Amino acid sequence: MRSLTNYSKLCVHTQTNKPWTIEECITQYAAAGVSAISIWRHLLEGKDLSEIKELLIKNQMEVVALVRGGFFPSVDDKQRALVLEDNRLAMEQATALGAPQVVLVCGADPNQSLKVSRQQIKEGIIALLPQAEQLGVKLSIEPLHPMYAGDKSAISSLGQANDLCEEIDSPWVGVAIDVYHLWWDDQLEKEIYRCGKSDNIFAFHVCDWRVPTIDFLTDRGLMGEGCIPVKQIREWVEKAGFDGYNEVEVFSERLWAQDQKLYLEHIKKAYLNHS
Ligand code: ZN
(Lines give C-alpha, C1' and ligand atoms only; values in the text may rest on other atoms or scores of the structure.)
Protein backbone atom coordinates (compact mmCIF):
# COMPACT_ATOMS: atom_id res chain seq x y z
CA MET A 1 0.00 0.00 0.00
CA ARG A 2 1.23 3.45 -0.93
CA SER A 3 2.21 5.67 1.99
CA LEU A 4 1.52 9.36 2.33
CA THR A 5 4.74 11.33 1.87
CA ASN A 6 3.71 14.86 2.76
CA TYR A 7 1.02 16.92 4.49
CA SER A 8 -0.66 18.37 1.41
CA LYS A 9 -3.83 16.32 2.06
CA LEU A 10 -3.79 16.59 5.85
CA CYS A 11 -6.76 18.26 7.47
CA VAL A 12 -7.34 18.37 11.23
CA HIS A 13 -10.74 18.64 12.92
CA THR A 14 -10.80 21.27 15.64
CA GLN A 15 -12.37 18.74 18.04
CA THR A 16 -9.15 16.71 17.79
CA ASN A 17 -7.51 19.53 19.74
CA LYS A 18 -10.51 20.21 21.96
CA PRO A 19 -8.59 22.33 24.52
CA TRP A 20 -7.81 24.93 21.82
CA THR A 21 -10.01 27.84 20.76
CA ILE A 22 -10.82 28.31 17.09
CA GLU A 23 -8.13 31.01 16.88
CA GLU A 24 -5.54 28.70 18.46
CA CYS A 25 -6.48 25.85 16.11
CA ILE A 26 -6.06 28.05 13.03
CA THR A 27 -2.74 29.60 14.05
CA GLN A 28 -1.22 26.44 15.55
CA TYR A 29 -2.16 24.27 12.55
CA ALA A 30 -0.68 26.87 10.19
CA ALA A 31 2.51 27.06 12.27
CA ALA A 32 2.80 23.26 12.11
CA GLY A 33 2.42 23.16 8.33
CA VAL A 34 -1.16 21.93 8.31
CA SER A 35 -3.08 23.77 5.60
CA ALA A 36 -6.65 22.56 6.09
CA ILE A 37 -9.16 22.53 8.94
CA SER A 38 -12.63 21.18 9.66
CA ILE A 39 -14.44 23.40 12.10
CA TRP A 40 -16.80 22.24 14.85
CA ARG A 41 -19.67 24.66 15.24
CA HIS A 42 -19.63 25.06 19.02
CA LEU A 43 -16.29 26.88 18.67
CA LEU A 44 -18.10 29.59 16.70
CA GLU A 45 -20.55 30.51 19.45
CA GLY A 46 -20.32 34.23 20.19
CA LYS A 47 -17.72 34.76 17.46
CA ASP A 48 -17.74 37.22 14.60
CA LEU A 49 -17.50 34.94 11.59
CA SER A 50 -15.98 37.63 9.38
CA GLU A 51 -13.06 37.88 11.85
CA ILE A 52 -12.60 34.11 11.80
CA LYS A 53 -12.71 34.15 8.02
CA GLU A 54 -10.03 36.86 7.99
CA LEU A 55 -7.83 34.78 10.29
CA LEU A 56 -8.30 31.77 8.02
CA ILE A 57 -7.25 33.78 4.98
CA LYS A 58 -4.27 35.32 6.80
CA ASN A 59 -3.07 31.81 7.70
CA GLN A 60 -3.85 30.39 4.25
CA MET A 61 -6.05 27.82 5.91
CA GLU A 62 -8.55 25.95 3.74
CA VAL A 63 -11.83 25.00 5.41
CA VAL A 64 -12.80 21.47 4.42
CA ALA A 65 -16.06 21.17 6.35
CA LEU A 66 -18.29 22.65 8.99
CA VAL A 67 -19.26 20.04 11.58
CA ARG A 68 -22.07 19.35 12.24
CA GLY A 69 -25.70 19.57 11.15
CA GLY A 70 -28.30 16.83 11.07
CA PHE A 71 -30.25 15.37 14.02
CA PHE A 72 -33.42 15.34 11.92
CA PRO A 73 -35.60 12.65 13.56
CA SER A 74 -37.97 13.37 16.42
CA VAL A 75 -41.41 12.22 17.50
CA ASP A 76 -42.09 15.94 18.07
CA ASP A 77 -43.07 17.94 14.96
CA LYS A 78 -41.94 21.22 16.51
CA GLN A 79 -38.51 19.80 17.29
CA ARG A 80 -38.11 18.62 13.70
CA ALA A 81 -38.94 22.12 12.45
CA LEU A 82 -36.47 23.70 14.90
CA VAL A 83 -33.75 21.37 13.77
CA LEU A 84 -34.30 22.33 10.14
CA GLU A 85 -33.76 25.97 11.12
CA ASP A 86 -30.54 25.03 12.86
CA ASN A 87 -29.36 23.20 9.74
CA ARG A 88 -30.15 26.27 7.65
CA LEU A 89 -28.05 28.34 10.06
CA ALA A 90 -25.21 25.81 9.71
CA MET A 91 -25.30 26.24 5.93
CA GLU A 92 -25.13 30.02 6.33
CA GLN A 93 -22.18 29.68 8.71
CA ALA A 94 -20.47 27.38 6.20
CA THR A 95 -20.94 30.01 3.50
CA ALA A 96 -19.56 32.74 5.77
CA LEU A 97 -16.42 30.69 6.43
CA GLY A 98 -15.97 29.35 2.91
CA ALA A 99 -16.67 25.75 3.93
CA PRO A 100 -17.90 23.74 0.93
CA GLN A 101 -19.87 21.25 3.03
CA VAL A 102 -21.78 20.67 6.24
CA VAL A 103 -21.32 17.21 7.75
CA LEU A 104 -24.58 15.63 8.91
CA VAL A 105 -24.84 13.46 11.97
CA CYS A 106 -28.28 12.34 10.93
CA GLY A 107 -29.83 11.56 14.32
CA ALA A 108 -32.30 9.00 15.70
CA ASP A 109 -35.14 9.16 18.19
CA PRO A 110 -35.31 6.14 20.53
CA ASN A 111 -39.07 6.69 20.86
CA GLN A 112 -39.72 5.59 17.31
CA SER A 113 -38.45 2.92 14.93
CA LEU A 114 -35.23 3.31 12.98
CA LYS A 115 -37.31 3.04 9.84
CA VAL A 116 -39.36 6.10 10.80
CA SER A 117 -36.20 7.95 11.82
CA ARG A 118 -34.66 7.17 8.42
CA GLN A 119 -37.74 8.50 6.66
CA GLN A 120 -37.52 11.74 8.68
CA ILE A 121 -33.81 12.03 7.84
CA LYS A 122 -34.66 11.75 4.17
CA GLU A 123 -37.44 14.36 4.44
CA GLY A 124 -35.17 16.69 6.43
CA ILE A 125 -32.38 16.55 3.87
CA ILE A 126 -34.81 17.06 0.99
CA ALA A 127 -36.23 20.13 2.77
CA LEU A 128 -32.71 21.64 2.88
CA LEU A 129 -31.89 21.07 -0.79
CA PRO A 130 -33.11 24.42 -2.18
CA GLN A 131 -30.87 26.32 0.26
CA ALA A 132 -27.94 23.96 -0.31
CA GLU A 133 -28.17 24.65 -4.02
CA GLN A 134 -28.67 28.37 -3.57
CA LEU A 135 -25.65 28.73 -1.25
CA GLY A 136 -23.54 26.11 -3.00
CA VAL A 137 -23.07 24.13 0.23
CA LYS A 138 -22.94 20.34 0.07
CA LEU A 139 -24.54 18.10 2.68
CA SER A 140 -22.50 15.05 3.73
CA ILE A 141 -24.29 12.16 5.37
CA GLU A 142 -21.90 10.57 7.88
CA PRO A 143 -22.95 7.02 8.81
CA LEU A 144 -22.13 6.36 12.47
CA HIS A 145 -21.17 3.04 14.06
CA PRO A 146 -24.31 1.02 14.98
CA MET A 147 -23.55 1.51 18.69
CA TYR A 148 -24.92 5.04 18.18
CA ALA A 149 -28.16 3.95 16.48
CA GLY A 150 -30.21 4.65 19.64
CA ASP A 151 -30.02 8.42 19.54
CA LYS A 152 -27.26 9.67 17.26
CA SER A 153 -27.69 8.09 13.84
CA ALA A 154 -30.22 5.77 12.24
CA ILE A 155 -27.75 5.61 9.35
CA SER A 156 -25.19 3.04 10.47
CA SER A 157 -23.57 1.69 7.33
CA LEU A 158 -22.24 3.07 4.09
CA GLY A 159 -24.81 0.91 2.29
CA GLN A 160 -27.64 2.76 4.06
CA ALA A 161 -26.02 6.13 3.31
CA ASN A 162 -25.63 5.14 -0.35
CA ASP A 163 -29.29 4.06 -0.51
CA LEU A 164 -30.32 7.43 0.91
CA CYS A 165 -28.10 9.39 -1.49
CA GLU A 166 -29.45 7.46 -4.44
CA GLU A 167 -33.05 8.03 -3.34
CA ILE A 168 -32.47 11.77 -2.90
CA ASP A 169 -30.36 11.91 -6.06
CA SER A 170 -28.92 15.42 -5.76
CA PRO A 171 -25.38 16.61 -6.56
CA TRP A 172 -25.54 18.47 -3.22
CA VAL A 173 -25.88 15.29 -1.14
CA GLY A 174 -23.11 12.76 -0.59
CA VAL A 175 -21.32 10.94 2.22
CA ALA A 176 -18.54 11.42 4.73
CA ILE A 177 -16.64 8.15 5.18
CA ASP A 178 -15.20 7.82 8.68
CA VAL A 179 -13.00 4.77 9.31
CA TYR A 180 -13.99 4.72 13.00
CA HIS A 181 -17.63 4.16 12.13
CA LEU A 182 -17.28 1.86 9.12
CA TRP A 183 -14.14 -0.28 9.40
CA TRP A 184 -16.04 -3.37 10.71
CA ASP A 185 -18.34 -3.65 7.68
CA ASP A 186 -17.55 -6.54 5.31
CA GLN A 187 -19.37 -4.65 2.53
CA LEU A 188 -17.21 -1.54 2.99
CA GLU A 189 -14.95 -1.90 -0.05
CA LYS A 190 -17.89 -2.62 -2.34
CA GLU A 191 -19.95 0.27 -0.93
CA ILE A 192 -17.00 2.69 -1.28
CA TYR A 193 -16.80 1.90 -5.00
CA ARG A 194 -20.58 2.21 -5.34
CA CYS A 195 -20.39 5.61 -3.69
CA GLY A 196 -17.45 6.71 -5.83
CA LYS A 197 -19.29 5.80 -9.03
CA SER A 198 -21.83 8.55 -8.34
CA ASP A 199 -19.11 11.02 -7.19
CA ASN A 200 -20.72 10.92 -3.77
CA ILE A 201 -17.61 10.71 -1.57
CA PHE A 202 -17.44 14.20 -0.07
CA ALA A 203 -15.16 13.53 2.92
CA PHE A 204 -12.79 10.99 4.49
CA HIS A 205 -12.15 10.91 8.26
CA VAL A 206 -9.34 8.98 9.95
CA CYS A 207 -8.46 7.86 13.47
CA ASP A 208 -8.18 4.40 15.07
CA TRP A 209 -10.16 1.91 17.19
CA ARG A 210 -8.37 1.06 20.42
CA VAL A 211 -8.65 -2.41 21.92
CA PRO A 212 -9.97 -2.39 24.52
CA THR A 213 -11.91 0.83 24.03
CA ILE A 214 -12.80 2.23 27.42
CA ASP A 215 -15.28 4.88 26.25
CA PHE A 216 -17.26 4.76 23.04
CA LEU A 217 -17.33 8.52 22.58
CA THR A 218 -14.00 9.78 23.81
CA ASP A 219 -11.44 6.99 23.56
CA ARG A 220 -10.54 7.04 19.91
CA GLY A 221 -6.94 6.40 18.99
CA LEU A 222 -4.45 8.07 16.72
CA MET A 223 -3.85 6.18 13.51
CA GLY A 224 -1.64 3.19 14.33
CA GLU A 225 -2.90 2.84 17.90
CA GLY A 226 -5.67 0.40 17.10
CA CYS A 227 -7.02 -2.21 14.70
CA ILE A 228 -8.44 -0.20 11.78
CA PRO A 229 -6.69 -0.83 8.44
CA VAL A 230 -6.62 2.93 7.73
CA LYS A 231 -4.19 2.72 4.78
CA GLN A 232 -6.24 0.00 3.16
CA ILE A 233 -9.46 2.00 3.46
CA ARG A 234 -7.74 5.15 2.16
CA GLU A 235 -6.56 3.15 -0.83
CA TRP A 236 -10.16 2.02 -1.57
CA VAL A 237 -11.44 5.59 -1.22
CA GLU A 238 -8.75 6.91 -3.60
CA LYS A 239 -9.40 4.08 -6.05
CA ALA A 240 -13.06 5.15 -5.98
CA GLY A 241 -11.99 8.57 -7.26
CA PHE A 242 -11.76 10.62 -4.07
CA ASP A 243 -8.89 13.10 -4.08
CA GLY A 244 -9.88 15.35 -1.18
CA TYR A 245 -8.36 15.72 2.28
CA ASN A 246 -7.69 13.03 4.87
CA GLU A 247 -9.32 14.56 7.93
CA VAL A 248 -7.89 13.58 11.30
CA GLU A 249 -10.79 13.40 13.75
CA VAL A 250 -9.83 12.02 17.15
CA PHE A 251 -11.95 12.40 20.29
CA SER A 252 -9.84 11.29 23.20
CA GLU A 253 -9.76 12.37 26.84
CA ARG A 254 -6.32 10.75 27.05
CA LEU A 255 -4.94 12.84 24.17
CA TRP A 256 -6.77 16.04 25.11
CA ALA A 257 -4.93 15.88 28.45
CA GLN A 258 -1.56 16.12 26.68
CA ASP A 259 0.32 19.23 25.60
CA GLN A 260 -1.60 20.03 22.41
CA LYS A 261 1.40 21.40 20.51
CA LEU A 262 3.39 18.20 21.10
CA TYR A 263 0.31 16.14 20.35
CA LEU A 264 -0.07 17.88 16.99
CA GLU A 265 3.44 16.68 16.11
CA HIS A 266 2.39 13.13 17.07
CA ILE A 267 -0.64 13.51 14.83
CA LYS A 268 1.59 14.47 11.91
CA LYS A 269 3.85 11.44 12.50
CA ALA A 270 0.91 9.07 12.81
CA TYR A 271 -0.57 10.57 9.66
CA LEU A 272 2.50 9.77 7.53
CA ASN A 273 3.24 6.40 9.12
CA HIS A 274 -0.22 4.91 9.58
CA SER A 275 -2.76 6.51 7.27
ZN1 ZN B 1 -16.21 11.66 11.32
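Residues numbered from 1 in each chain as written. Predicted model: local features only at pLDDT ≥ 70, side-chain atom pairs only at ≥ 80, totals over all residues. Heavy atoms only, no water.

1. As for helix α7 (residues 188-197)
Rules: Remark: exposure states derive from per-residue accessible area (1.4 Å probe, protein chains only) relative to the maximum for the residue type, with buried under 20%, exposed over 50%, and partly exposed in between. Under the scheme used here, helices are H or I runs from DSSP no shorter than 4 residues and strands are E runs no shorter than 2 residues, and both carry numbers assigned from the N terminus. Here the arc refers to the directions that run from the helix axis out to each C-beta atom. Whether two residues touch is decided by their heavy atoms; if any such pair falls within 4.5 Å, the residues are in contact.
Within the span of α7, buried status applies to L188, E191, I192, C195 and G196. Each buried residue of α7 sits inside an arc of 140° when the element is viewed along its axis, so together they form one side. Residues K190 and K197 are exposed on α7 and point more than 90 degrees away from its buried face. Lining the buried residues of α7 we find α5 (158-168), β6 (173-178), α6 (179-182), β7 (201-206) and α8 (230-239). Immediately beyond the C-terminal end of α7, within one or two residues, lies D199, with a positive phi of roughly 55°.

2. Examining the coordination of the zinc ion
The cut-off we apply is this: Counted as donors are the N, O and S atoms within 2.8 Å of the metal, or 3.2 Å for Na, K and Ca, while water is not among the atoms, so some sites may look incomplete. In this scheme the shape depends on donor count and angles: four donors with every angle between 85 and 135 degrees give tetrahedral, four or six donors with opposite pairs above 155 degrees and others between 65 and 115 give square planar or octahedral in turn, and any other case is irregular.
Coordination of the zinc ion by the protein is provided by E142 (OE), D178 (OD), H205 (ND1) and E249 (OE), with metal-donor distances spanning 2.0 to 2.1 Å. Every donor counted, the four donor atoms about the zinc ion form angles of 84 to 160° at the centre, which fits irregular coordination. Along the chain, the residues donating to the zinc ion are arranged with the sequence spacing E-x35-D-x26-H-x43-E. Remark: H205 occurs in strand β7 and E142 occurs in the loop between β5 (138-141) and α5; sequence separation between them is 63 residues. The class for E142 is buried, based on a relative accessible area of 3%.

3. A closer look at the environment of V211
Among the structural elements, V211 can be located in the loop between β7 and α8. Residue classification places V211 among the exposed positions, given a relative accessible area of 64%. On a C-alpha basis, the gap between V211 and S50 in space is 43 Å, while along the polypeptide they are 161 residues apart.

4. Structural notes on the nonpolar core
Generally speaking, a soluble globular protein has its nonpolar side chains buried in company with each other. Our working definition: The term nonpolar core refers to a set of buried residues drawn from Ala, Val, Leu, Ile, Met, Phe, Trp, Tyr and Cys, joined through side-chain atoms within 4.5 Å.
I37, I125, I141 and I192 are the most contacted members of the largest nonpolar core, which totals 82 residues. Ranked by the residues each element gives to this core, the list is headed by helix α3 (residues 77-97), at six residues. Listed in part, the eight residues of the second largest apolar core include A65, V103, A203 and F251.

5. Examining the packing of α5 against α7
Applied cut-off: The axes used here are C-alpha line fits, helices contributing only the stretch in contact, and every angle between their N-to-C directions lies in the interval 0 to 180 degrees. Any angle that is under 35 degrees is reported as roughly parallel, and any over 145 degrees as roughly antiparallel; angles of 65 to 115 degrees are reported as roughly perpendicular and all others as oblique. Throughout, a crossing is termed right-handed when the near helix is turned clockwise from the far one, and left-handed when it is turned anticlockwise from it by less than a right angle. Residues are sorted three ways: Asp, Glu, Lys and Arg are charged, Ala, Val, Leu, Ile, Met, Phe, Trp, Tyr, Cys and Pro are nonpolar, and all the rest, Gly among them, are polar.
The interhelical angle for the contact between α5 and α7, taken along N-to-C directions, is 20°, at an axis separation of 9 Å. By the angle between their directions, the pair α5 and α7 is classed as roughly parallel. Classified by chirality, the crossing of α7 by α5 is left-handed. Residue-level inspection shows L158, G159, N162, D163 and E166 of α5 in contact with α7, the latter providing L188, E191, I192, R194 and C195. Tallied by class, the residues present in the contact of α5 with α7 amount to four nonpolar, two polar and four charged.

6. Topic: the packing of helix α4 (residues 114-135) against α5
The description of two helices packed together rests on the angle between their axes and the distance between the axes. Interhelical geometry of α4 versus α5 gives an angle of 45° and a closest axis separation of 11 Å. Taken as axis vectors, α4 and α5 run oblique relative to one another. Relative to α5, α4 is oriented so that their crossing is right-handed. Where α4 abuts α5, its residues R118, I121, K122, I125, I126 and L129 lie against Q160, L164, E167 and I168. The residue makeup of the contact of α4 with α5, split by class, is six nonpolar, one polar and three charged.

7. A word on the sheet that holds strand β8 (residues 246-248)
Applied cut-off: Two strands pair under a simple rule: DSSP has to find at least two bridges between them.
One closed barrel holds the eight strands; their spatial order is β1-β2-β3-β4-β5-β6-β7-β8, and the pairing between them is parallel. Neighbour-to-neighbour, the strand axes of this sheet turn through a mean angle of 30°, independent of strand direction. Where strand β1 (residues 10-13) lies against strand β2 (residues 36-40), three bridges are found, and the strand directions are parallel. Bridged to C11 within β2 is A36.

8. Structural notes on the layout of surface pockets
Stated formally: Put simply, the grid is 1 Å and covers the protein atoms alone, a cavity is a trapped set of points that fit a 1.4 Å probe, a pocket is an open set with protein on both sides within 12 Å along at least five of seven lines, and lining residues have an atom within 4 Å of a point. Grid points are joined across faces, edges and corners, and a volume is the space filled by probe spheres set on the points.
What the largest pocket holds in volume is close to 240 Å³. Around the largest pocket, the lining is made up of 16 residues, and of these W40, R68, L217, R220 and F251 lie nearest the centre. Of the residues assigned to the lining of the largest pocket, the class counts are eight nonpolar, three polar and five charged.

Honestly, it's all geometry; don't read function into it.
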